[in-house]
Amino acid sequence: MKIDSAESYIESMRELKRKIYLLGDRVDNAVDHPMIRPSMNAMAETYNVGDEADAADLLFCESHLGGGRISRFTHIHQDTDDLVNKVLMQRLLGRRTSTCFQRCVGMDGFNALYSVTHECDQEHGTEYHERLKEYLRFVQEENVVVDGAMTDVKGDRNLRPSEQADPDLFVHVVERRPDGIVVRGAKAHQTGALNSHEILVMPTTAMREDEGDYAVSFAVPATAPGITFVLGRQPSDTRKMEGSPMDVGNPGYGSQEALIIFDDVFIPWERVFMCGEVDQSGKVVERFASYHRQSYGGCKVGVGDVLIGAAQLAAAYQGVERASHVRDKITEMIHLNETLFSCGIACSSRGAATPSGCYMVDPLLANVCKHNVTRFPFEISRLLQDIAGGLVVTMPSEKDFENPEVAPYLEKYLQGKDGVTTRDRMKIIKFIENMTMGCGAAAYLTESIHGAGSPQAQRIMISRLGNLPEKVQYAKRLAGIES
Ligand code: SF4
Ligand code: FE
């Protein structure tokens, strides 16, 4: 593994020369930018073995392509143990960072493409699967971060890609050359975009016969000419530039989403994994979505672990940890969090081999998993805010705690239980603010509802996969209905 530590990952990011915009300005040094660095730190944790007893076995595994020991984030799932271990790894990293560590999207992308390219080659006589394997050998050997890019900007949601007034609202091929293709369009909400070495583009929906130019998948270095990144804003993001870590809440780590614009970007054929095979596009979308809906049964559960701990701490600092209603609320938080975990493990354990050898999660259970994730983190956050109290939004700034005039008053009047420093109490309150309505909420709440597809996308899949006619037969048989 060329990049073999958190430090060497950060150094590798320094070498990438890209076109990045943030708050209206071009950013030449993303690594040291205070609004970007926490998200890079979260990504860096995917390279860090850490000190958890099971971390090494979860974060690393054996390459099926002969690449030796590799990061699990570059791995193709070989059995249901791999699927389960993926979820366990995500829970571990969620606990470590309390945010989105961003690297799962690419992993879910190339696992989806692995089986689909195999089937596409069988059906169309193409050679995408070997190309993808070659690409994966590179990814595993260099241990680079691959950003999985699916969500197009979509314009008028009522119109198909080919019907849009502006044809560029879905990424598409604008030119086919002997040596490759030229693509144009944009992908929105791209998790970890600025922290990735590579971008793996996939179609955003099942394409129709006349939409061949939109049925396109490829990998491209983040530094390729024609690519522009515009970082999205998050609530209270500029607090990271104020120099008061306590006010940030989770100062070490953060998440990141960006708009990626492809303005006539050239892709050589060896990095193209779909080009015109419209019948394969829907499969990529469904498989990627299932993998990423599984993922949320790990990463958000890890964050939930931290939030449950924060609730207990806040209660203890205020002297109410033994109150029966507080204990009951914390029990409810644990129940909700472990329900999400159960879904993540269930869809993994019930996974099955595809003809390519790559293991696929149970899609119905993966959709149920993510659908619960669109709800339970909101209830966990509500209970957390309930326990933490109004100071979550009324607490003064860390700068006030540093002002000699007012600090003694704050220390005196904002103290909690005897033996707990006021600053420690304030730190956990600010952490809760961050996680439930600041930057942290972008990863824990908004991402929970819209990441890997908004709730309705899961309801469509649940309705489709729920096998209603069979259930009707069960009822008819027992009720003695023969018609
Ligand atoms: Fe990974 Fe979760 Fe972030 Fe998706 S939301 S990239 S699964 S940490
Ligand atoms: Fe996500």
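Just so we're clear, the structure is a prediction, and the values are computed from it rather than from any experiment.

Section: the environment of N41
(1) Moving on: The residue N41 is located in helix α2 (residues 37–44) in this model.
(2) Moving on: Its relative accessible area of 22% is what places N41 among the partly exposed residues.
(3) Moving on: As for N41 and I10, which are separated by 31 residues in sequence, their C-alpha atoms are 8.1 Å apart.
(4) Moving on: Apart from the residues lying within four places of it in its own chain, the contact partners of N41 are I10, G252 and Y253.

Remarks on the pairing of strand β5 (residues 146–149)
(1) Moving on: The alternating pattern of β5 places V146 and G148 on one face and D147 and A149 on the opposite face, and all of these are buried.
(2) Moving on: With four bridges joining them, β5 and strand β8 (residues 198–201) adopt parallel strand pairing. Across the sheet, G148 pairs through a bridge with L200, a residue of β8.

Thoughts on the site of ligand 1
(1) Moving on: Taken together, Q90, C100, F101, Q102, C104, V105, H292, S295, Y296, C299, K300 and E447 are the residues near ligand 1.
(2) Moving on: Mapped by element, the contributors of at least two residues to the shell around ligand 1 are α5 (104–124) and α8 (278–317).
(3) Moving on: A total of five residues in the shell around ligand 1 trace back to one element, the largest contributor, which is α8.
(4) Moving on: Each residue belonging to the shell around ligand 1 can be placed in one class, and the counts come to six nonpolar, four polar and two charged.

Digging into helix α1 (residues 6–14)
(1) Moving on: Among the residues making up α1, those that are buried are A6, Y9, I10, S12 and M13. Viewed end-on, α1 has its buried residues packed into an arc of 160 degrees, placing them on one side of the element.
(2) Moving on: On its buried face, α1 is in contact with α2.

Notes on a negative patch on the surface
(1) Moving on: Residues E163, E209, D210 and D279 make up a contiguous surface patch of negative charge.
(2) Moving on: With respect to the secondary-structure elements, D279 resides in helix α8.

Re unusual backbone geometry
(1) Moving on: Its identity is not glycine, yet N143 carries a phi of approximately 55 degrees, on the positive side.
(2) Moving on: As for its placement among the helices and strands, N143 is situated in the loop between α6 (128–142) and β5.
(3) Moving on: Notably, N467 is not glycine yet its phi reads approximately 55 degrees, a positive angle.
(4) Moving on: The residue N467 is located in the loop between α17 (455–465) and α18 (468–479) in this model.
(5) Moving on: Exposure remark for N467: the relative accessible area of 36% places this residue in the partly exposed category.

Observations regarding the domain arrangement of the protein
(1) Moving on: Partitioning the protein into structural domains gives domain 1 (6–281) and domain 2 (283–466).
(2) Moving on: Look at where the C-alpha atoms of domain 1 and domain 2 centre, and you get two points 24 Å apart.
(3) Moving on: Summed over both partners, the interface of domain 1 with domain 2 buries about 4400 Å², with 62% contributed by carbon and sulfur atoms.
(4) Moving on: When the area that domain 1 buries against domain 2 is broken down by residue, the three leading residues are V87, R91 and M246, summing to 18%.
(5) Moving on: Across the contact surface, domain 1 and domain 2 share seven salt bridges.
(6) Moving on: The partner of E119 in a salt bridge is K283, with the nearest N and O atoms 2.9 Å apart.

Concerning the packing of α8 against helix α15 (residues 422–437)
(1) Moving on: Two elements in contact, α8 and α15, have axes whose closest approach is 10 Å; the angle formed by their N-to-C orientations is 140 degrees. What the angle tells us is that α8 and α15 run oblique. Here the hand of the crossing between α8 and α15 comes out left-handed. Together, V303, V306, L307, A310, L313, A314 and Y317 of α8 and D424, R425, I428, F431, I432 and M435 of α15 make up the contact between the two elements.
(2) Moving on: A breakdown of the residues in the contact of α8 with α15 according to their chemical character gives eleven nonpolar, no polar and two charged.

Focus: the side chain of R103
(1) Moving on: On the secondary structure map, R103 appears in the loop between α4 (80–97) and α5.
(2) Moving on: Buried charge without a salt bridge: R103, with E45 as the nearest opposite-charge side chain at an N-O distance of 11 Å.
(3) Moving on: Among the polar contacts listed, one links the side chain of R103 to the side chain of Y47, at a separation of 3.5 Å.
(4) Moving on: In this structure the side chain of R103 is engaged in a polar contact, spanning 3.4 Å, whose partner is the backbone oxygen of V144.

A look at the sheet that holds strand β11 (residues 257–268)
(1) Moving on: Strand order in the open sheet formed by six strands is β2-β1-β10-β11-β7-β6, with mixed pairing between adjacent strands. A single partner strand is all that each edge strand has here, and the edge strands are β2 (25–27) and β6 (172–177). The sheet shows a mean angle of 20 degrees between the axes of neighbouring strands, taken without regard to direction.
(2) Moving on: Taken together, the nine bridges between strand β7 (residues 180–191) and β11 define a ladder with antiparallel strand orientation. Counted as the bridge partner of G180 is P268 from β11.

Considerations on the coordination of the iron ion (ligand 2)
(1) Moving on: Protein coordination at the iron ion (ligand 2): the donors are Y296 (OH) and E447 (OE), at 2.3 to 2.6 Å from the metal. Residue Y296 is located in helix α8, and its partner E447 is located in helix α16 (residues 439–450); the two are separated by 151 residues in the primary sequence.

A few points about the sheet that holds β8
(1) Moving on: Pairing in this open sheet of four strands is mixed, and the strands run β5-β8-β9-β12 from one edge to the other. Each of the sheet's edge strands pairs with one partner strand only, and the pair in question is β5 and β12 (272–275). Going across the sheet, the axis of each strand differs from the next one's by a mean of 20 degrees, ignoring polarity.

Cut-offs applied
- Residues numbered from 1 in each chain as written.
- Chains lettered and ligands numbered in written order.
- Predicted model: local features only at pLDDT ≥ 70, side-chain atom pairs only at ≥ 80, totals over all residues.
- Heavy atoms only, no water.
- Helix = DSSP H or I, 4+ residues; strand = E, 2+ residues; numbered from the N terminus.
- Buried < 20%, exposed > 50% of the residue type's maximum accessible area, 1.4 Å probe, protein only.
- Contact = heavy atoms within 4.5 Å.
- Pairing = 2+ DSSP bridges.
- Near = heavy atom within 4 Å.
- Nonpolar A, V, L, I, M, F, W, Y, C, P; charged D, E, K, R; others polar.
- Arc of directions from axis to C-beta.
- Patch = residues over 30% accessible without salt bridge, like charges linked within 9 Å, V, L, I, M, F, W, Y side chains within 5 Å.
- Areas by Shrake-Rupley, 256 points an atom, 1.4 Å probe, with all protein chains shown as cover.
- Salt bridge = Lys/Arg side-chain N within 4 Å of Asp/Glu carboxyl O.
- Lys, Arg positive; Asp, Glu negative; His and termini not counted.
- Charge placed at Lys NZ, Arg CZ, Asp CG, Glu CD.
- Domains from an automatic or database assignment.
- Buried area = accessible area lost by both parts, 1.4 Å probe.
- Axes fitted to C-alpha atoms, helices over the stretch in contact; angles between N-to-C directions.
- Parallel < 35°, antiparallel > 145°, perpendicular 65-115°, else oblique.
- Left-handed = near helix turned anticlockwise from the far one by under 90°.
- Polar contact = N/O pair within 3.5 Å; in protein donor to acceptor, adjacent residues only side chain to side chain.
- Donors = N, O, S within 2.8 Å, 3.2 Å for Na, K, Ca; no water.

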